[in-house]
Amino acid sequence: MAAATSLSSTIASKTVAVLGASYGGARAAHILAQGLPHGWRVVLVERNSHMNHLYVLPRYAVLPGHEHKAFIPYDNVFLPPALPGTPSKPAVQYPQERALLLHASVVSLREHELTLDKSFPEHGISDRTLHFDYLVYALGSHLPAPINLWGPVADEVDKDGVVDIVRGTKEGGVGWLKKFQKRVERASSVLVVGGGALGIQYATDIAEIFPATRVTLLHSRPRLLPRFDEGMHTEILSTLSALNVCAILGDRLDLASLDKAAERDGAERIVRTQSGREIRAELVLLCTGQTPNTSLLREAFPNVVVADGPNKGMARVRRTLQIAEPVDDVPLEAASSSQATASTPSAPVTPAAEQPSDVSSPLTERESVPAASSDEPADEPEEAEEPEEEPQPIEEDPCTRVAAEHIFAIGDAADAFGAVNAGHNAFFQGEVAARNIVKLIKRSEREGSESDVPAVSAELYPGAGAGEVTPAEEDLELQKYAPGEPAIKVSLGLTKSVYQFQGMIGVRDKEPADLDVHLIWRYFGHDVSREDLERAQAVGSEIASA
């Protein structure tokens, strides 16, 4: 980051706060840094010292030697992705009155201010209070215990302080993963509860790395990954069988039996399912669902967070990703008109995967669209070109209305019209929220003074050259979000993976051990290769900022 600026200039800026700097929050912050008008700043608040790439944690928690790669420095979080094959451009280091990263936790939220767990007097935050004009809520969800770096390791009670002392740092994360590796290595038998991607990855990795370990996968539904095509289930089940993983489907763990089971290291527990089946396991990994991290929103806007049902805990949003609240006994016309300032209900909505973007999602390559490497044949079917279809109009939900025009929710915390909780969806939602905030600001400034509206940003409107669009002609209708087709990629042991993308299912059998983590480093502004990360590990150094 650039050298600190004067305190007065920092305080004078109007502020867009972004809470959380993972896949969605980081993307929103980057777009805001490039697109906000003069006199505005983006303040990104993140509790971790490094970006934690969640999708490699199951692998690195079992396979030693790659732990450091999961933690990506935030030095370049406001910079464009360093993608291969793109022209090299000088890095634009934004001054702190324009883009500021604060490493802190948020302890309370109100309509136009939030309270942090520490003060930053050098940035005008002496009483731990940050005032904001707009906010992007991207705090994700509370992770399952086997990848929760802020909790104890596996079934152990953390006694040595390694996690508590350096929690939220790269040092603490690496220590957590190494401790988890040793716990898995000691286990003679492992029960993995939950047949989602996390549970499948843990079960197959443990079974392949430790073939003498008895591994059981327990899943409550009769089919694995039920939101995806049955072919995914079939391929995964076949691989589980080949790795001698015992898969028990359509049954749930009786949590009471888990509480009563032995917890001594080296002693097998005997737990029961709800059907009465007994399972012996020394180590139990609970890889069941995630809980949306929306308690701060609930305190400030109680009606925004879903109280019960399958989406319990998620924040309601409109298609613009502004937070929403239910409207009781309101006719369709009245509910629609309540959105007049936010969007046009009849406007067409383009699925997120097809919406304009200067780059693809960080997980499109890693989790969804694996391209063949140069050392293996391209054995996946090529996409057939189909005629483009006009996007269909999608109406806003007449049962909700905008709860706060200036607050947006994205990622795992948002009930975003059936979008799968995944990094690539959060990434696209971050784009929509950031662009809509810039449009709202420009709309407000246009209404105040046409002559003061700044020029169009090339980041927000790719292809628009200077002078081609005047402020009066610029389209400030807010963008509306619709999720694309479900997409996923799941590792099945050290070298195999199965994926579904745009309705196609494919298998790869030459995956790298580190899961191509360097690709995600590039999306966070670091122009690195796999070899660069290996060298950094060898000498025990941090990757230098790009």
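Residues numbered from 1 in each chain as written. Predicted model: local features only at pLDDT ≥ 70, side-chain atom pairs only at ≥ 80, totals over all residues. Heavy atoms only, no water.

Examining the nonpolar core
Right, so step 1: Residues Phe78, Leu114 and Tyr202 are the most contacted members of the largest nonpolar core, which totals 125 residues.
Right, so step 2: Examining the composition of this core, we find that ten residues originate from one element, helix 12 (residues 423-448), more than from any other.
Right, so step 3: In terms of nonpolar packing, the next biggest core, distinct from the first, is built from ten residues, Ile248, Leu253, Ile279 and Ala281 among them. (Core = buried A, V, L, I, M, F, W, Y, C linked by side-chain atoms within 4.5 Å. Buried < 20%, exposed > 50% of the residue type's maximum accessible area, 1.4 Å probe, protein only. Helix = DSSP H or I, 4+ residues; strand = E, 2+ residues; numbered from the N terminus.)

Some remarks on the pairing of strand 11 (residues 189-193)
Right, so step 1: Here strand 11 lies mainly inside the structure; five of its five residues are buried.
Right, so step 2: In this view, the connection linking strand 11 to its parallel neighbour strand 12 (residues 214-219) by way of helix 6 (residues 197-209) has right-handed handedness.
Right, so step 3: Sheet analysis places strand 11 next to strand 16 (residues 283-286), joined by four bridges and oriented parallel. Counted as the bridge partner of valine 192 is leucine 285 from strand 16. (Right-handed = clockwise from strand over helix to strand, strands pointing away. Pairing = 2+ DSSP bridges.)

Description of the packing of aromatic side chains
Working definition: an aromatic ring pair is given by the centre-to-centre distance plus the angle between the planes.
Right, so step 1: For the coordinates displayed, the defined rule picks out six aromatic pairs.
Right, so step 2: A centroid spacing of 5.7 Å and a plane angle of 55° characterise the contact between tyrosine 23 and tyrosine 55, whose relative ring orientation is tilted. Note that tyrosine 23 is positioned in helix 2 (residues 23-35) and tyrosine 55 in the loop between strand 3 (50-52) and helix 3 (57-60), a separation of 32 residues in sequence.
Right, so step 3: Among the aromatic residues, those joined into a ring-pair cluster are Trp176, Phe180 and Tyr202.
Right, so step 4: For the cation-ring pair, arginine 47 lies above tryptophan 150, with the distance from its terminal atom to the ring centre recorded as 3.8 Å.
Right, so step 5: Against the face of phenylalanine 417 rests arginine 319, its NZ or CZ located 3.9 Å from the ring centre. (Phe/Tyr/Trp six-rings, centres within 6.5 Å; stacked < 30°, edge-to-face > 60°. Lys NZ or Arg CZ within 6 Å of the ring centre and 35° of its normal.)

Some thoughts on the sheet that holds strand 7 (residues 113-116)
Right, so step 1: Judged by pairing direction, the sheet is antiparallel, and its three strands sit side by side in the order 6-7-8 without closing on themselves. Sheet topology places strand 6 (106-109) and strand 8 (129-131) at the edges, where each strand pairs with a single neighbour. Sheet twist, expressed as the average angle between the axes of neighbouring strands with direction ignored, equals 25°. (Axes fitted to C-alpha atoms, helices over the stretch in contact; angles between N-to-C directions.)

Structural notes on the sheet that holds strand 25 (residues 504-508)
Paired through their backbone hydrogen bonds, the strands of a sheet run either parallel or antiparallel.
Right, so step 1: The three strands are arranged 23-24-25 in an open sheet whose pairing can be described as antiparallel. Looking at which strands have only one partner, the edges of the open sheet turn out to be strand 23 (488-491) and strand 25. Going from strand to strand, the sheet's axes swing by 15° on average, the running direction of each strand aside.
Right, so step 2: The sheet contact formed by strand 23 and strand 24 (residues 497-501) spans four bridges and is antiparallel. Note that in strand 24 the partner of lysine 489 across the bridge is tyrosine 499.
Right, so step 3: Across the sheet, helix 7 (residues 230-242) touches strand 23, strand 24 and strand 25, and the angle it forms with strand 24 is around 180°. (Contact = heavy atoms within 4.5 Å.)

Focus on the pattern of salt bridges
Right, so step 1: Taken as a whole, this structure holds 18 salt bridges when the rule is applied.
Right, so step 2: Here glutamate 235 and lysine 496 are joined by a salt bridge, their closest N and O atoms 2.7 Å apart. Within this pair, whereas glutamate 235 is found in helix 7, its partner lysine 496 is found in the loop between strand 23 and strand 24, the two being separated by 261 residues in sequence.
Right, so step 3: On the basis of relative accessible area, glutamate 235 is assigned to the partly exposed category, the value being 23%.
Right, so step 4: Judged by relative accessible area, lysine 496 falls into the partly exposed class, the value being 22%.
Right, so step 5: Among the salt bridges present, the one from arginine 280 reaches glutamate 268, with a minimum N-O distance of 3.1 Å. One end of the pair, arginine 280, is in strand 15 (residues 278-281); the other, glutamate 268, is in the loop between helix 8 (255-260) and strand 14 (269-272), with twelve residues separating them in the sequence. (Salt bridge = Lys/Arg side-chain N within 4 Å of Asp/Glu carboxyl O.)

As for the environment of alanine 404
Right, so step 1: Residue position: alanine 404 is located in the loop between strand 20 (400-402) and strand 21 (407-409).
Right, so step 2: C-alpha of alanine 404 to C-alpha of glutamate 325: the two residues are 79 residues apart in sequence and 9.1 Å apart in space.
Right, so step 3: Residues in contact with alanine 404, not counting those within four places in the same chain, are Phe301, Gln322 and Ile323.

Some thoughts on the pairing of strand 25
If a strand is regular, its side chains alternate between the two faces of the sheet.
Right, so step 1: The pairing of strand 24 with strand 25 spans five bridges and is classified as antiparallel. If you follow tyrosine 499 over to strand 25, its bridge partner there is glycine 506.
Right, so step 2: Linkage of strand 24 to strand 25, two consecutive antiparallel strands, is achieved through a turn of two residues, within which glutamine 502 is found at a positive phi near 50°.

Some thoughts on unusual backbone geometry
Right, so step 1: Positive phi, normally seen in glycine, also occurs at asparagine 244, with a value near 65°.
Right, so step 2: Within the secondary structure, asparagine 244 sits in the loop between helix 7 and strand 13 (246-249).
Right, so step 3: For asparagine 244, a relative accessible area of 68% translates into the label exposed.
Right, so step 4: The backbone of leucine 515 sits at a positive phi, close to 60°, despite the residue not being glycine.
Right, so step 5: In this fold, leucine 515 is placed in the loop between strand 25 and helix 13 (518-523).

A look at the side chain of threonine 129
Right, so step 1: With respect to the helices and strands, threonine 129 occurs in strand 8.
Right, so step 2: Judged by relative accessible area, which is 14%, threonine 129 ranks as buried.
Right, so step 3: With near-sequence residues (within four places) excluded, threonine 129 lies in contact with Glu113, Leu114 and Thr115.

Description of helix 12
Right, so step 1: Here helix 12 contains 26 residues, and its C-alpha end-to-end distance of 38 Å stays within 8% of the 38 Å for a straight helix at 1.5 Å per residue.
Right, so step 2: Among the 26 residues in helix 12, 21 count as buried, and that is most of the element. (Expected span 1.5 Å × (residues − 1).)

A closer look at the environment of serine 189
Right, so step 1: Checked against the element boundaries, serine 189 lands in strand 11.
Right, so step 2: By relative accessible area, serine 189 is classed as buried at 0%.
Right, so step 3: As for serine 189 and glutamate 268, which are separated by 79 residues in sequence, their C-alpha atoms are 7.6 Å apart.
Right, so step 4: Polar contacts involving the side chain of serine 189 include one to the main-chain amide nitrogen of glutamate 282, which spans 2.9 Å. (Polar contact = N/O pair within 3.5 Å; in protein donor to acceptor, adjacent residues only side chain to side chain.)

Section: the confidence of the model for the protein chain
Right, so step 1: Looking at the protein chain as a whole, the pLDDT averages 82, with 74% of positions reaching at least 70.
Right, so step 2: Below pLDDT 50 for its whole length, residues 1-12 participates in 22 contacts with residues either more than four positions away or in separate chains.
Right, so step 3: Between residues 364-386, whose pLDDT stays under 50, and residues either more than four places distant or in other chains, the model counts 41 contacts. (pLDDT = per-residue confidence, 0-100.)

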